[in-house]
Amino acid sequence: MTTTERRPVTAADIYAAGGITVTKLGENIGALIEGVHISGDISRDTAFAIRYALATDKVVVFRGQHHVDDETQYRFASTLGSPTTTHPTLTSEDNRTLVIEGAANSWHTDVTFIDRIPKASILRAVDIPPYGGATTWASTTAAYNQLPEPLKALVEKLWAVHSNEYDYAGVHADAKARGIAASNHMQNFTRIVFETEHPVVRIHPETGEKSLLLGHFVKNFVGLKTSESAALFQLLQDRIVRLENTLRWAWTPGDLVIWDNRATQHYGIADYGDHKRSVHRVTLAGDIPVSVDNEPSRIRTGDASHFSIVDPVDRFPGFDA
């Protein structure tokens, strides 16, 4: 999906042309979008405006969308990009919508173990517990911008190995309680092993901004010892998840959220006891990350072409980077 047509060049003009209102929820991340009835029939100007707001604010929230079902969610996603199949290793009945039971209570960017990292996810809460179960997002762009210059110089030269063979039980608080179900899920999750080397600092294809590409799928940094990788990983993750860089959203019926998977991490908070929590996700195909030196990510093992196409995009107007 490209943005080569002549369009308004300021955010205000883009939002006006799309008929939407965008209200920031935080300085570094998050915005509420109003004026949209979610469907597969939104105009091209509205779709462009939503995509622009997403690139600008990293996470966008829609409220009052009680009419949305799986089909509507998928058709709406198709106006914003090219939907992927369900997941590189997990399956679903329709091979389009990933049904997530529970919460992945660890900071991560979705599916970073493949080369073609998704550009965005569209999430809808279906079963909302009576308390808890919020989702928190963090801006990896803000985290990079806040680094002191010596750390920027270091991380811009670093690469990390991402894999779907990770400590599942260690990052899913309810894994032990779910026992066999958790074991079966992990077996399915790793039925095809993927490993990919990504730059720790990637360039956002639509904004030119730099962001940190990390999260719980990271195994190690290329060229560093295990102990060195662990220490540096924690230092950088701590900067990503500073409260100033985060948005915490407590789900209510009718909510739908989109996040820019190229510039965020997220965390599902497992604080809802024995109550049911389920969310439905549709994912949009992305590009292959490139480093500050314009080097693309490198596959070590695994072919993700069955999951999605590679969907490059053009630079948005109005960004200085």
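The structure under discussion appears in the preceding block.
Since we're looking at a predicted model, the values are computed, not measured.

Quick notes on the rules
Here the residue index of a chain counts from 1 through its sequence in written order. Where local features are concerned, this predicted model is filtered to residues with pLDDT of at least 70; where side-chain atom pairs are given and counted, the filter is 80 or more; whole-chain, interface and lining totals use all residues. Hydrogens and water are ignored here; the side-chain numbers use all heavy atoms of the structure. Under the scheme used here, helices are H or I runs from DSSP no shorter than 4 residues and strands are E runs no shorter than 2 residues, and both carry numbers assigned from the N terminus. A helix is expected to span 1.5 Å multiplied by its residue count minus one. Relative accessible area decides the class of each residue, using a 1.4 Å probe on protein chains only: under 20% of the type maximum gives buried, over 50% gives exposed, and in between gives partly exposed. By construction, the arc corresponds to the directions joining the helix axis to the C-beta atoms. Whether two residues touch is decided by their heavy atoms; if any such pair falls within 4.5 Å, the residues are in contact. Centres within 6.5 Å make a pair out of two Phe, Tyr or Trp rings, where for Trp the six-membered ring is used; the pair is then stacked when the planes are under 30 degrees apart, edge-to-face when over 60, and tilted otherwise. Definition used in this section: a nonpolar core is a set of buried Ala, Val, Leu, Ile, Met, Phe, Trp, Tyr and Cys residues joined via side-chain atoms within 4.5 Å. At least two DSSP bridges between two strands are needed for those strands to be called paired. To obtain each axis, a line is fitted to C-alpha atoms, and for helices this fit is confined to the stretch in contact; angles are then taken between N-to-C directions over 0 to 180 degrees.

Another point: helix H9 (residues 226-240). Between its first and last C-alpha atoms H9 spans 21 Å; for 15 residues at 1.5 Å apiece the expected length is 21 Å, and the two agree. Within H9, the full set of buried residues consists of Ser-229, Leu-232, Phe-233, Leu-236, Gln-237 and Ile-240. Buried residues of H9, seen end-on, are gathered within an arc of 135 degrees and therefore sit on one face of the element. Buried-residue contacts for H9 involve strand E6 (135-139), helix H4 (140-145), helix H5 (149-155), strand E10 (210-212), strand E11 (218-221) and strand E14 (264-268).

To continue, consider the packing of aromatic side chains. Counting across every chain of the model gives nine aromatic pairs. Measuring from centroid to centroid gives 5.4 Å for Phe-48 and Phe-316, while their planes differ by 85 degrees, and the two rings are edge-to-face. Of this pair, Phe-48 sits in helix H2 (residues 44-57) while Phe-316 sits in the segment after strand E16 (298-301), and the two are 268 residues apart along the sequence. Phe-48 sits in the buried class, given a relative accessible area of 4%.

On to the nonpolar core. If you look at the biggest cluster of nonpolar residues, it comprises 30 residues, and the most contacted ones within it are Ile-33, Val-36, Ile-50, Val-60, Phe-62, Phe-76 and Ile-258. Contributions of two or more residues to this core are made by helix H1 (11-18), strand E2 (31-34), H2, strand E3 (59-62), helix H3 (70-80), strand E5 (120-127), strand E13 (256-260) and strand E15 (278-284). Broken down by element, this core gets its largest block of residues, eight residues, from H2. Not counting the four nearest positions on each side in its chain, Phe-76 is found in contact with Ile-38, Ser-39, Gly-40, Ile-42, Ile-50, Phe-62, Leu-256 and Ile-258.

Attention now goes to the sheet that holds strand E12 (residues 246-249). Within a sheet, neighbouring strands are paired by backbone hydrogen bonds and run either parallel or antiparallel to one another. Read from one edge to the other, the open sheet built from three strands follows the order E12-E6-E14, with strand pairing classed as antiparallel. The open sheet is flanked by E12 and E14, the only strands paired with a single partner. Recorded for the sheet is a direction-independent mean angle of 15 degrees between the axes of neighbouring strands. Both E6 and E14 contribute to a ladder of five bridges, which runs antiparallel. Its bridge partner lying in E14, Ala-138 is registered against Gln-265.

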